[in-house]
Amino acid sequence: MSKPYDVLWVNVLLAPCEQGYELMEKSAIAVKDGKIAWLGVLQEDAETLADQIVDGTGCCITPGFIDCHTHLVYASNRAHEFELRLKGTTYEAISLQGGGILSTVNATRAASEEQLFAESLPRAKNMLETGTTTLEIKSGYGLDLSSELKILRIAKLIGEALPLTVVKTFLGAHAIPPEFRNNADDYIQLVCEEMIPQVAQEKLADTVDVFCERIAFSPAQCEKVFIAARRYDLKVKCHADQLSNMGASILAAEYGALSVDHLEYLTPEQIPILVKNNTVAVLLPGAFYYLQEKQLPPIAALRENRVPMAIATDCNPGTSPVVSLLLILNMACTLFNLTPEEALMGVTMNAAKALGLEETHGSLSVGKVADFIVWRIKHPAELAYYVGFNPMYQLVIGGKVVMER
């Protein structure tokens, strides 16, 4: 007679993360056919329940980490701009001088698909090694049809090469390409009338993002992109209120955005629109740290209004060359004053909501995909406490141990 479960982890501390830690001591979690089949305090003989038993004495299990905002696929790097900023040049000044996003665009356009895959895959592997099991990858460093499609195809390949769930986001409205420098409206027309239809036809993206900012696109231009995305049944997100307040969060929420991201200049008065539309606030402490920003997102107001707060690496070559969500947990606490519990929710359940995956990912719940991490820790707060230390014991994706340390 077959046993009810494929694998059973026993003697563990569970942090389900449906609405918080919700710690379950001296518990067990069972997997069947790649999904979580049961969790709780074991009352029966483990040997009768599964052929494979893992003794997790002294360990804590959390959901797999979800990195809900990355620009993982790009060519080259911008270490020289890092030096310029440290000498006093601002991010906006570098962008206006032809650097910033456009320098990465030039390198990415010139790279072959093979080269782009070879450069991007190691970053994804590093994310996997620090607990990331689901990853969003944006385009946006091509800014022409062929290059944007190339980036999205590489994102798909990464999901096929590694045991990761990859969510693909089209970010054609990331910056004004050099050939449209004086005519952003025509470029937006290209994004809406040619790029989005092609992306949708090839099923290369799940969502559409925009960068609404003085150095990028106006609210009116971004709204055109949202309208086009809706026409093709693509969900929307928005880089909003990072360098100034242009009403981007309000606009995006009104179009049902899954998330608005950055939010340093969001005002407390604008937060109710996020609540009304179930829009997640994605905080990106890596960019805040790297750019040495001083303007904090309105954390207390977001907390007071019970807006789900996700956190992510924002992995990109110019403003957040970060691949570790473990590091981001600490940054969220030390820079943004999140509690360790809020930070953990930010890379689990709330990050799942930011990608529209909350029904299948983000918590230790029966029926959800069995993506979780077995840590050699006594309490999940230790994950945000350490800097540069990875206490992972096992990484489980789809119910299978894909990594053991």
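Up top is the structure these notes are about.
Report on the accompanying structure. Every chain is numbered on its own, with residues counted from 1 as its sequence reads. Under the rules for a predicted model, residues below a pLDDT of 70 receive no local features and side-chain atom pairs below 80 are neither given nor counted, while totals for whole chains, interfaces and linings still include all residues. The basis for every side-chain value is the complete set of heavy atoms in the structure, and neither hydrogens nor water enter the calculation.

**Side note on the overall build of the chain**
The line we're drawing: The helix and strand labels rest on DSSP assignments: H or I over at least four residues marks a helix, E over at least two residues marks a strand, and numbering proceeds from the N terminus. Computation of the radius of gyration draws on C-alpha atoms alone. For the globule rule, the value is 2.2 Å times the number of residues to the power 0.38. Whether two residues are in contact is decided by their heavy atoms, any of which lying within 4.5 Å being enough. Throughout, the Shrake-Rupley method with a 1.4 Å probe supplies accessible areas, and for residues the shown protein chains are the sole cover considered.
For the chain, the helix and strand inventory stands at 15 helices and 15 strands. Whereas a compact globule of 405 residues would reach a radius of gyration of roughly 22 Å, the chain reaches 21 Å, a difference of no more than 12%. Expressed as lengths along the three principal axes of its C-alpha atoms, the size of the chain is roughly 70 × 40 × 40 Å. A separation threshold of at least 6 residues defines the contact pool for the chain, and within that pool the share at least 24 residues apart is 71%. Surface exposure of the chain reaches about 16100 Å², of which carbon and sulfur atoms provide 50%.

**Side note on the sheet that holds strand β1 (residues 5–14)**
The cut-off we apply is this: Each pair of strands is called paired provided DSSP finds at least two bridges between the two strands. Between N-to-C directions, angles span 0 to 180 degrees; the directions come from axes that are lines fitted to C-alpha atoms, helices contributing only their stretch in contact.
The strand order across the open sheet built from 7 strands is β3-β2-β1-β4-β13-β14-β15, with neighbouring strands paired in mixed fashion. The two strands at the open ends of the sheet, each matched to only one other strand, are β3 (35–40) and β15 (400–404). Going across the sheet, the axis of each strand differs from the next one's by a mean of 35 degrees, ignoring polarity. Of the pairings in the sheet, the one linking strand β4 (residues 50–63) to strand β13 (residues 372–375) comprises 4 bridges and is antiparallel in character. Among the inter-strand pairings, C60 is bridged to a residue of β13, identified as W375. Packing against the sheet, helix α4 (residues 113–129) makes contact with β14 (392–397) and β15, and its axis sits at approximately 110 degrees to β14.

**So, the pattern of salt bridges**
Note the threshold: The salt bridge criterion pairs a side-chain nitrogen of Lys or Arg with a carboxyl oxygen of Asp or Glu, the two atoms within 4 Å. Categorising residues by exposure relies on relative accessible area from a 1.4 Å probe, with only protein chains included: less than 20% of the type maximum marks a residue as buried, more than 50% marks it as exposed, and the intermediate range marks it as partly exposed.
Scanning all chains against the criterion turns up 9 salt bridges. Between D51 and K3 there is a salt bridge whose closest N-O contact spans 3.2 Å. Taken together, the residues span a long stretch of sequence, with D51 in strand β4 and K3 in the segment before β1 at a distance of 48 residues. Judged by relative accessible area, which is 65%, D51 ranks as exposed. Take K3: its relative accessible area is 28%, and that puts it in the partly exposed class. Measuring nitrogen to oxygen at the nearest pair gives 2.7 Å for the salt bridge that ties K138 to E136.

**Some thoughts on the sheet that holds strand β8 (residues 207–210)**
The parallel open sheet is built from 8 strands, whose spatial order is β5-β6-β7-β8-β9-β10-β11-β12. The open sheet has two edge strands, β5 (65–67) and β12 (309–311), and neither has a second partner. Direction aside, neighbouring strands of the sheet carry axes that sit 25 degrees apart on average. In this sheet, strand β11 (residues 280–283) lies alongside strand β10 (residues 259–262) in parallel orientation, the contact comprising 3 bridges. Along β11, the bridge assignment pairs S259 with V280. Each of β6 (132–138) and β7 (165–173) is contacted by helix α5 (residues 145–161), which is oriented at about 170 degrees to β7, the strand it contacts most.

**Here's the deal with the packing of aromatic side chains**
In plain terms, the rule: In this scheme Phe, Tyr and Trp rings, the latter by its six-membered ring, pair at centre separations within 6.5 Å, and the angle between planes marks the pair as stacked below 30 degrees, edge-to-face above 60, and tilted otherwise.
Scanning the entire structure with this criterion turns up 10 aromatic pairs. Residues Y74 and Y141 carry aromatic rings whose centres are separated by 6.2 Å and whose planes lie at 80 degrees to one another, so their mutual orientation is edge-to-face. Within this pair, whereas Y74 is found in the loop between β5 and α1 (79–86), its partner Y141 is found in the loop between β6 and α5, the two being separated by 67 residues in sequence. Both residues of the pair, Y74 and Y141, count as buried. Where F288 meets F336, the ring centres are 5.1 Å apart and the plane angle is 75 degrees; that geometry is what we call edge-to-face. Of this pair, F288 sits in helix α10 (residues 285–290) while F336 sits in helix α12 (residues 325–336), and the two are 48 residues apart along the sequence. Accessibility assignment for this pair places F288 and F336 in one class, buried. Three or more aromatic residues joined by ring pairs form one cluster here, namely F180, Y187 and F217.

**Focus on α5**
Rules: By this rule the span expected of a helix is its residue count minus one, scaled by 1.5 Å.
Between its first and last C-alpha, α5 extends 24 Å over 17 residues, near the 24 Å set by a 1.5 Å rise per residue. Within α5, the full set of buried residues consists of S147, E148, L149, K150, I151, L152, I154, A155 and I158. Next to the buried residues of α5 lie α3 (101–110), α4, β6, β7 and α6 (184–201).

**Focus: the packing of α4 against α5**
Note the following rule: Working rule for angles: under 35 degrees goes down as roughly parallel, over 145 as roughly antiparallel, 65 to 115 as roughly perpendicular, anything else as oblique. Note on convention: near helix rotated counterclockwise from far helix by under a right angle means a left-handed crossing. Clockwise means right-handed. Residues are grouped as follows: nonpolar covers Ala, Val, Leu, Ile, Met, Phe, Trp, Tyr, Cys and Pro; charged covers Asp, Glu, Lys and Arg; every other residue, Gly included, is treated as polar.
Axis separation between α4 and α5 bottoms out at 10 Å; the angle between their running directions is 50 degrees. As the angle between them shows, α4 and α5 are arranged oblique. Two packed elements cross with a definite hand, and for α4 against α5 that hand is right-handed. Touching E113, L116, F117, S120, L121 and A124 of α4 are K150, I151, R153, I154, L157, I158 and A161, all from α5. The class makeup of the residues in the contact of α4 with α5 is 9 nonpolar, 1 polar and 3 charged.

**Things to note about the pairing of β3**
Judged from the 5 bridges that link them, strand β2 (residues 24–32) and β3 form a sheet pairing that is antiparallel. Paired with V31 across the two strands is I36, which belongs to β3. Remark: 2 residues form the turn of the hairpin made by β2 and β3, two consecutive strands paired antiparallel; D33 in that turn has positive phi of roughly 55 degrees.

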